[in-house]
Amino acid sequence: MTPKDRIHYVITQGGGQPNVVPAEATGWYYVRSPRRCEVDELYERVLNCAYGAARMTGTECEIELLGAIWEVLPNRTLEDLLASCMERVGPGKFSETHKEFAEEITKSFEPGYKEGFVKRESLPPEFADILLHEEILERPKEDPEPRGSTDVGDVSWCCPTAQFTTACNAIGTPGHSWQYVAQAGMGIGHTGTIRAAKILAEAGLELMTCPDLLEKAKAEFRERTGGTVYKCAMPERLQTSVSPNRQQVA
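Conventions and cut-offs
Residues numbered from 1 in each chain as written. Predicted model: local features only at pLDDT ≥ 70, side-chain atom pairs only at ≥ 80, totals over all residues. Heavy atoms only, no water. pLDDT = per-residue confidence, 0-100. Contact = heavy atoms within 4.5 Å. Buried < 20%, exposed > 50% of the residue type's maximum accessible area, 1.4 Å probe, protein only. Core = buried A, V, L, I, M, F, W, Y, C linked by side-chain atoms within 4.5 Å. Helix = DSSP H or I, 4+ residues; strand = E, 2+ residues; numbered from the N terminus. Salt bridge = Lys/Arg side-chain N within 4 Å of Asp/Glu carboxyl O. Axes fitted to C-alpha atoms, helices over the stretch in contact; angles between N-to-C directions. Parallel < 35°, antiparallel > 145°, perpendicular 65-115°, else oblique. Nonpolar A, V, L, I, M, F, W, Y, C, P; charged D, E, K, R; others polar. Polar contact = N/O pair within 3.5 Å; in protein donor to acceptor, adjacent residues only side chain to side chain. Expected span 1.5 Å × (residues − 1). Arc of directions from axis to C-beta.

Student: Explain the confidence of the model for the protein chain residue by residue, including any values.
Tutor: Taken as a whole, the protein chain shows an average pLDDT of 91; of its residues, 94% reach a score of 70 or greater. Low confidence marks residues 242–246, where pLDDT is under 50. Its contacts with residues over four positions away, or in another chain, come to 19 contacts.

Here you go:
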């Protein structure tokens, strides 16, 4: 495995009581890597481990593929457009009520967690003292390394695609947490979402009224794909079902 590969798992069914070998056990895995081709290679290795374990123990192994996606293909032309629209719309501004709520949320973080978050994200040290960010961060000069997983990746191999973020929670809020949900469902998340909607509207209007810009985005898309034709990573017989946003195997 490369340092950027990831295999996450949970034993969803491991037996009913101690000292009894269960007739059946079930595990659920996410197999992740920065590139689609790398996921395919790692996925085959995971399958071989499962089949090998079954053979060694004289048992049977059944595999069910639940979802499979591509990595996100960046488009700097559209990212530049979104950045300029973000400047025009301006940063989000939060009320005192929002800041009081964010302060209470921040108190629930483990000691030192926020400082560690700021360091991991390569943010300025002073961000550890800020509750809600109300400015526009400078864009990275190069394409960032892939992080997380999203089926937006599949879209990005079919047409020019770009993404951006707005402040919808207190700095340092852990992902997949109750703190994240609590803020997204109140005025903090609403403020960031409304700002995002305005940025998207600005960008959409500009693309509709500036055909040269749209063609530039398409030309970059053709260059980045390099002639690669998108093909859904899910087997054809499974493509009619809703697929989660990672390579998953049970």
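Text resumes after the structure shown.
Student: Help me get a handle on unusual backbone geometry, residues and values and all.
Tutor: Here the phi dihedral of N19 falls at roughly 65°; this positive angle occurs in a residue that is not glycine. With relative accessibility at 82%, the residue N19 sits in the exposed group. Of note, S122 is a non-glycine position whose phi angle comes to about 55°, a positive value. For S122, a relative accessible area of 66% gives the class exposed.

Student: So, the nonpolar core: which residues are in play, and what are the values?
Tutor: Of all hydrophobic cores here, the largest spans eight residues; its members are V31, L42, Y43, V46, L47, L65, A68 and M234. In terms of residues, this core owes the most to one element, helix α1 (residues 36–57), which gives four residues. Residues L82, C85, M86 and I199 belong to the second largest nonpolar core, which totals six residues.

Student: Pulling in residues and values, what's your account of the pattern of salt bridges?
Tutor: Counted by the stated rule, this structure contains eight salt bridges. In this structure, the salt-bridge partner of E206 is R88, at a minimum N-O distance of 2.9 Å. Of this pair, E206 sits in helix α7 (residues 187–209) while R88 sits in helix α2 (residues 76–89); the two residues are 118 residues apart in sequence, bridging distant segments of the chain. A salt bridge links K99 to E134; the shortest N-O distance between them is 3.6 Å. Here K99, found in helix α3 (residues 96–107), pairs with E134, found in the loop between α4 (113–120) and α5 (152–156); they are 35 residues apart in sequence, far enough to count as distant. Its relative accessible area of 25% is what places K99 among the partly exposed residues.

Student: Any details on the packing of α2 against helix α8 (residues 211–225)? Residues and values, ideally.
Tutor: Any two packed helices are characterised by the angle at which their axes cross and by the distance between the axes. Viewed as axis vectors pointing N to C, α2 and α8 meet at an angle of 140°, and their least axial separation amounts to 8 Å. In terms of orientation, α2 lies oblique with respect to α8. Of the residues in α8, those in contact with R76, T77, L78 and L81 of α2 are L213, K216, A217, E220 and R224. Split by residue class, the contact of α2 with α8 holds four nonpolar, one polar and four charged.

Student: Summarise the side chain of S33; cite the residues concerned and give the values.
Tutor: Along the chain, S33 turns up in the loop between β2 (26–32) and α1. For S33, a relative accessible area of 16% gives the class buried. One polar contact links S33 to D5, side chain to side chain, over a distance of 2.4 Å. Reaching out from S33, the side chain makes a polar contact with the side chain of E38 at a distance of 3.3 Å. Excluding residues within four positions of it along the chain, S33 makes contact with K4, D5, E38 and V39.

Student: Before we move on, can you summarise the packing of α3 against α7 with the specific residues and values?
Tutor: α7 packs onto α3 with a crossing angle of 120° between their chain directions and a minimal axis gap of 9 Å. Put simply, α3 runs oblique to α7. Counted together, H98, F101 and A102 of α3 and G187, I188 and T191 of α7 form the full contact between these two elements. Residues belonging to the contact of α3 with α7 are distributed by class as follows: three nonpolar, three polar and no charged.

Student: I'd love a proper account of the environment of G90, names of residues and values included.
Tutor: Assignment of secondary structure puts G90 in the loop between α2 and α3. For G90, a relative accessible area of 11% translates into the label buried. Leave out the neighbours within four places in its chain, and G90 touches I136 and R195.

Student: Account for α1, naming residues and giving values.
Tutor: Residues spaced three or four apart along an α-helix face the same direction, because each turn holds 3.6 residues. Here α1 spans 32 Å end to end across 22 residues, near enough to the 32 Å set by a 1.5 Å rise per residue. Looking at α1, one finds that the buried residues are R36, V39, L42, Y43, V46, L47 and A54. Mapping the buried residues of α1 onto a view down its axis gives an arc of 145°, with all of them on the same face. Exposed side chains of α1 directed beyond 90 degrees from the buried face belong to E41, C49, R55 and M56. Downstream of α1 by one or two residues, G58 has phi in the positive range, about 70°.

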